[in-house]
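Descriptive analysis of the structure
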Amino acid sequence: MSTLVLYGMDISPPVRACLLTLRALELSFQYKIVDLLSGEHKTEEFLQKNPQHTVPLLDDNGTLIWDSHAICCYLVDKYGQSDDLYPKDLVKRAKLEQRLYFDASVLFMSLRNICAPYFHKKVTTVPQEKIDNIIDAYGHLENFLSDSPYLTGDTVTIADFCCAATASSLPAMVSIDPEKYPKITAWLERLSELPYYKEANGNGAKEYIALLKGAFTIV
Ligand SMILES: N[C@@H](CCC(=O)N[C@@H](CS)C(=O)NCC(=O)O)C(=O)O
């Protein structure tokens with residue numbers, strides 16, 4: 001029986017994507033808090049596990065995996081009772097992975113490019129260009145949801161978990177106007193009905209927004 005340990009903290013969107021996946025798979029795991037705000041991710045002990053010093057980090061009986069997207073894929077492939085959350089069908093998987101890479105390279109980066117300078121160097125001025133990146137990303141997300149309730153079709157997958165963990169945190173910088181983004185708004189409401197959503201993502205997203213809302217001046 002393997003022991004799963006997730007390292008992270010609730011304010012981190014990619015950590016919450018992993019929490020959503022772990023809960024959806026009904027896996028038991030140990031959650032070890034790494035307090036980024038006090039620099040615990042830069043300790044020798046953590047750097048030995050993840051030299052890139054990011055959370056989430058998964059330790060599956062000595063196998064160390066980081067990057068939330070890699071973790072979510074691994075968890076479903078290894079422990080899923082079905083492939084519903086991460087289909088094996090190549091065409092379905094390709095569409096899903098496009099959404100994962102969208103989160104990793106566009107959506108989450110639009111958030112990280114603002115919050116990393118804030119957390120690392122207390123930078124509170126944000127160029128309009130960085131705000132425009134969030135608005136562009138919202139536009140793409142709205143478009144991905146134009147003809148289906150979830151990001152890859154009729155059922156929830158890890159693409160929804162990864163993108164929703166980020167999207168539900170981005171209102172710290174740019175609100176999601178329900179009139180402009182009705183699909184994103186309905187999608188987040190739909191996901192919030194999952195029995196484990198509040199604990200795995202909702203509370204942490206609220207905490208993240210409370211920590212950052214109003215912290216920035218756009219220049
Ligand atoms: N693409 C990575 C991003 C991970 C990431 O940037 N995590 C942030 C917290 S939200 C972090 O650990 N920052 C600390 C650092 O980069 O030193 C993932 O999806 O896991």
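Residues numbered from 1 in each chain as written. Predicted model: local features only at pLDDT ≥ 70, side-chain atom pairs only at ≥ 80, totals over all residues. Heavy atoms only, no water.

As annotated in an unreviewed UniProt entry, the protein carries the name Glutathione S-transferase 1-like and comes from Drosophila navojoa.

This brings us to the overall build of the protein. Each helix and strand counted, the protein has 8 helices and 6 strands in total. For the protein, the α and β elements follow one another from N to C terminus as β-α-β-α-β-β-α-α-β-α-α-α-α-β. Relative to the compact-globule value of 17 Å for 219 residues, the protein shows a C-alpha radius of gyration of 17 Å, a close match. Dimensions of the protein, computed from the C-alpha atoms along their principal axes, are close to 55 × 45 × 30 Å. Considering only contacts within the protein whose residues lie at least 6 apart along the sequence, 69% involve residues at least 24 apart. For the protein, the exposed surface amounts to about 10,800 Å²; the carbon and sulfur share of it is 53%. (Helix = DSSP H or I, 4+ residues; strand = E, 2+ residues; numbered from the N terminus. Rg over C-alpha atoms; globule rule 2.2 N^0.38 Å. Contact = heavy atoms within 4.5 Å. Areas by Shrake-Rupley, 256 points an atom, 1.4 Å probe, with all protein chains shown as cover.)

Here the focus is the UniProt feature "domain: GST C-terminal" (unreviewed entry) in the protein. The UniProt record marks residues 89-216 with the feature "domain: GST C-terminal" (unreviewed entry), using the residue numbering of this structure. From the first C-alpha to the last, residues 89-216 spans 43 Å; its make-up is 66% helix and 2% strand. (UniProt positions renumbered as here; feature names shortened; annotations may be inferred.)

Attention now goes to the nonpolar core. Of all hydrophobic cores here, the largest spans 75 residues; its most connected members are Leu75, Leu141, Ile158, Met173, Ile184 and Trp187. Ranked by residues supplied to this core, first place goes to helix α4 (residues 90-121) with 9 residues. Both domains that furnish three or more residues to this core are identified here as domain 1 (4-79) and domain 2 (90-218). Look past the residues within four positions of Leu141 in its chain and what remains in contact with it is Phe102, Leu107, Leu151, Cys163, Ala167, Ile184 and Trp187. (Core = buried A, V, L, I, M, F, W, Y, C linked by side-chain atoms within 4.5 Å. Buried < 20%, exposed > 50% of the residue type's maximum accessible area, 1.4 Å probe, protein only. Domains from an automatic or database assignment.)

Lining the immediate environment of the ligand, one finds 14 residues, of which His53, Val55, Asp67, Ser68 and Arg112 sit closest. One of the side-chain nitrogen or oxygen atoms of Ser68 is found 2.6 Å away from an oxygen atom of the ligand. Arg112 has a polar side-chain atom sitting 2.7 Å from an oxygen atom of the ligand. Its free accessible area being 510 Å², the ligand has 88% of it covered by the protein chains. At the level of elements, α1 (13-24), α3 (68-79) and α4 are the ones that each hand at least two residues to the shell around the ligand. Of the residues contributing to the shell around the ligand, the split by class is 6 nonpolar, 6 polar and 2 charged. (Near = heavy atom within 4 Å. Polar contact = N/O pair within 3.5 Å; in protein donor to acceptor, adjacent residues only side chain to side chain. Nonpolar A, V, L, I, M, F, W, Y, C, P; charged D, E, K, R; others polar.)

On to the packing of α1 against helix α8 (residues 197-212). Axis separation between α1 and α8 bottoms out at 8 Å; the angle between their running directions is 165°. Taken together, α1 and α8 sit at an angle that is classed as roughly antiparallel. Here α1 and α8 pass one another in a crossing that is right-handed. Contact with α1, carried on its side by Arg16, Leu19, Leu20 and Arg23, involves Tyr197, Glu199, Ala200, Asn201, Gly204, Ala205 and Tyr208 of α8 and no other residues of that element. For the contact of α1 with α8, a count of residues per class yields 6 nonpolar, 2 polar and 3 charged. (Axes fitted to C-alpha atoms, helices over the stretch in contact; angles between N-to-C directions. Parallel < 35°, antiparallel > 145°, perpendicular 65-115°, else oblique. Left-handed = near helix turned anticlockwise from the far one by under 90°.)

Bringing the pattern of salt bridges into the picture now. Counting across every chain of the model gives 4 salt bridges. Lys88 is paired through a salt bridge with Asp77; the nearest N and O atoms lie 3.9 Å apart. With a gap of 11 residues between them, Lys88 in the loop between α3 and α4 and Asp77 in helix α3 connect regions that are remote in the sequence. The exposure class of Asp77 is partly exposed, given its relative accessible area of 38%. (Salt bridge = Lys/Arg side-chain N within 4 Å of Asp/Glu carboxyl O.)

Before going further, it helps to examine the sheet that holds strand β3 (residues 57-60). Overall, mixed pairing links the 4 strands, which are arranged β2-β1-β3-β4 in an open sheet. With partners counted over all chains shown, the strands left at the sheet margins are β2 (30-33) and β4 (63-66), one partner each. When the angles between neighbouring strand axes are averaged without regard to direction, this sheet yields 20°. For strand β1 (residues 4-8) and β3, the ladder comprises 4 bridges, and the chain directions are antiparallel. In the strand pairing of β3, Leu4 is matched with Asp60. Contacting β1 and β2, α1 crosses the sheet at an angle of about 155° to β1. (Pairing = 2+ DSSP bridges.)

Before going further, it helps to spend a moment on α4. Between its terminal C-alpha atoms α4 stretches 43 Å, which fits the 46 Å expected from 32 residues at 1.5 Å a residue. At the N-terminal boundary of α4, the capping side chain belongs to Asp89, with an oxygen 3.2 Å from the backbone nitrogen of Val91. Backbone geometry just downstream of α4 places Lys122 in the positive-phi region, at approximately 60°. (Expected span 1.5 Å × (residues − 1).)

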